[in-house]
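Observations on the model geometry
Letter by letter, the chains look like this.
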Amino acid sequence: MVKMMEYLRNDTGMQQLRKEWKEKFTEPFPGWNYDCYDGIEEYKQRIRTALDVGDYAQICERCVRKKCKTGRLS
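Predicted model only: the values in this text are computed from it and were never measured.

Analysis parameters
- Residues numbered from 1 in each chain as written.
- Predicted model: local features only at pLDDT ≥ 70, side-chain atom pairs only at ≥ 80, totals over all residues.
- Heavy atoms only, no water.
- Helix = DSSP H or I, 4+ residues; strand = E, 2+ residues; numbered from the N terminus.
- Contact = heavy atoms within 4.5 Å.
- Axes fitted to C-alpha atoms, helices over the stretch in contact; angles between N-to-C directions.
- Nonpolar A, V, L, I, M, F, W, Y, C, P; charged D, E, K, R; others polar.

With that settled, consider the environment of Arg18. By the element assignment, Arg18 lies in helix 2 (residues 12–24). Distance in space between the C-alpha atoms of Arg18 and Phe29 is 6.6 Å, their sequence separation being 11 residues. Non-local contacts of Arg18, meaning those with residues more than four positions away in its chain, are made with Leu8, Arg9 and Phe29.

Here it is, written out as structure tokens:
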């Protein structure tokens, strides 16, 4: 888990997504959760989708596991 957190913190693509998220939404940036994503690429893609459509809820709307269907990202 520590290596994953390090990767997410240091990856330049993730840094750019965080920056765009902060500019577009007031909601907190969605955290990584093994139960919600098939891998890091799906995590990034769902963040990109939310940014593209301008709806932060899209990060959870596409969740196939339905574990994050709380109506909130945090």
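There is more to say, and it comes next.
The description of two helices packed together rests on the angle between their axes and the distance between the axes. The N-to-C vectors of helix 1 (residues 2–10) and helix 2 enclose an angle of 65°; their axes lie 5 Å apart at closest approach. Every residue of helix 2 that contacts helix 1 at Leu8, Arg9 and Asn10 is listed here: Thr12, Met14, Gln15 and Arg18. Per-class residue counts for the contact of helix 1 with helix 2 are two nonpolar, three polar and two charged.

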